[in-house]
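# Architecture and fold: a report
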Number of protein chains: 2
Amino acid sequence: MCVPGCQDVVARRLSRRGLFKGVAGTLAGAAVFTAFPPPRAARAATNGFSRVVDLTHTLMEDFPTYFGVPGLEMERTAAFDENGFNMYKWHLVEHTGTHLDAPIHFAKDASTADEIAIDQLVVPLAVVDVKEKAAADPDYLVSVEDLKAYEAGVGPLPQGGCVAMNSGWAEKVGGEEFRNADGDGMMHFPGFSKDAALYMMEQGVVGMAVDTLSLDHGASKTFDTHYSWLPSGRWGLECVAALDEVPASGATLVVGAPKIKGATGGPSRIMALV
Amino acid sequence: MCVPGCQDVVARRLSRRGLFKGVAGTLAGAAVFTAFPPPRAARAATNGFSRVVDLTHTLMEDFPTYFGVPGLEMERTAAFDENGFNMYKWHLVEHTGTHLDAPIHFAKDASTADEIAIDQLVVPLAVVDVKEKAAADPDYLVSVEDLKAYEAGVGPLPQGGCVAMNSGWAEKVGGEEFRNADGDGMMHFPGFSKDAALYMMEQGVVGMAVDTLSLDHGASKTFDTHYSWLPSGRWGLECVAALDEVPASGATLVVGAPKIKGATGGPSRIMALV
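Residues numbered from 1 in each chain as written. Chains lettered and ligands numbered in written order. Predicted model: local features only at pLDDT ≥ 70, side-chain atom pairs only at ≥ 80, totals over all residues. Heavy atoms only, no water.

- Chain A appears in an unreviewed UniProt entry as Cyclase family protein from Stappia taiwanensis.

## A word on the pairing of strand 4 (residues 87-93) of chain A
- Most of strand 4 of chain A is tucked away: seven of the seven residues are buried.
- Direction of pairing for strand 3 (residues 72-78) of chain A relative to strand 4 of chain A: antiparallel, over a ladder of six bridges. Along strand 4 of chain A, the bridge assignment pairs A:E75 with A:K89.
- The pairing of strand 4 of chain A with strand 4 (residues 87-93) of chain B spans five bridges and is antiparallel. Counterpart to A:L92 in the pairing with strand 4 of chain B is B:W90. (Buried < 20%, exposed > 50% of the residue type's maximum accessible area, 1.4 Å probe, protein only. Helix = DSSP H or I, 4+ residues; strand = E, 2+ residues; numbered from the N terminus. Pairing = 2+ DSSP bridges.)

## Quick notes on unusual backbone geometry
- Phi is positive for A:N180, which is not a glycine, with a value near 55°.
- Counting through the fold element by element, A:N180 comes out in the loop between strand 8 (162-166) and strand 9 (191-192).
- Given a relative accessible area of 25%, A:N180 falls into the partly exposed group.
- Phi at B:F223 takes a positive value of approximately 55°, unusual for a residue other than glycine.

## Examining the interface of chain B and chain A
- Residue-level contacts link 76 residues of chain B with 76 residues of chain A.
- Across the interface of chain B and chain A, roughly 6,800 Å² is buried in total on both sides, 64% from carbon and sulfur atoms.
- On the chain B side of the interface with chain A, the three residues burying the most area are B:W90, B:K259 and B:R269, jointly 12% of the side's total.
- In this structure, the connection of chain B to chain A is made through six salt bridges. (Contact = heavy atoms within 4.5 Å. Buried area = accessible area lost by both parts, 1.4 Å probe. Salt bridge = Lys/Arg side-chain N within 4 Å of Asp/Glu carboxyl O.)

Structure follows, in structure tokens:
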């Protein structure tokens, strides 16, 4: 039931996936397994909010993807004039658009998307602004120093919460600059460093969000941040939108993650309650 | 890229969809177009909550569907041992599992899922309990009298909010009783009456939720409730879970709807903030 072109797309994607081969052998053994779940954050008795910010890009068939080929095809299965109603079938690669990385995405054995507890999906949000650094260096890696500067200037990283990188990349989503691939196909966009990931784990953070296509920066060949973070039972969000519209601290992140048995992640409706 | 059996499944579904042919001609013209959006509810300056209730069933390939054929197929496209990471491609009929009906689902021209404003997806929730009546009559239709009894006993229907039918059907989801089809294939489960839909529209309600497979009851051949409600710009939720765990009033519903361009609905992560 593929639409025209679908099999080609998959064939090309499978070929590109060869990039990943061997990574598991060299890195998975070195993955950091921190006891999880971390101590539950002392949740305020009542969380309050007065507005909702949509942190989700609109997904469409030509939305940019990590692999550079379409991640979504919409197959119409009913049309109003003919059937009295409208309906589509989606052919959708899980890691497309604003989406969740479940722990199992980069682990041999960890939680799937449906197994993440609901109270880990409504959590405090910290936004770390590295826009100037990323503008100067598209390969920028959020560092432990960036996180300590946040702690000194804003407040503690949220135990039981999510830390988001605001690199300014969300506004590039409609153009080639979002993937920012060079002549060799190497992408250049910012991400979290492995050391930053380990530091966030020490602080009991459970979620990592980026406004780019990957938790690792685009030039990574070893996916150190993915392999450090996800196998510990933590989740990630990629292609998050509109982080400029939420405060550096104080918002509550709502992750409308797919609850599909066995899913390794998937397009999610992400909101901030402010 | 269909998994084995996929094309058969679609062929059978297409055949079943013949059921709907002609409905548009007889009913769409009679659809009630109420001005939308209704006056915005006077939202409290701050909404508070202290716990999150997951109102979402886990979706899997054998989750019951309206058409009686699988609505989801999971195609593995990467496996950890071979590729260093795990990933699937979903082949997914939009109206499967706990899911949104966008206005366009039963209208020639109305909002698609991505066009619903974010502040219409975080709204007050009213839960109308008709479990006893549905247990006595699986074809039960929520009536205007049921809604007036709610107003008299609990409080007003939430202007700008969502009204959910709790018929007790969610607990049947694992068995044949959820579709409850008779020997002729006619399903028997409760839903909202058209008159109840019209009454809710007069009160400025924007969302209608059911714990069954359809806003209309299972025996409907004319989909009067769908055709009255959705073309007015309102949305629906079907297969909602765990309504016993939220109060009759006072909760805030969060609809983690898919933000996919042109979608007529889709699996959604539904939560209640209580």
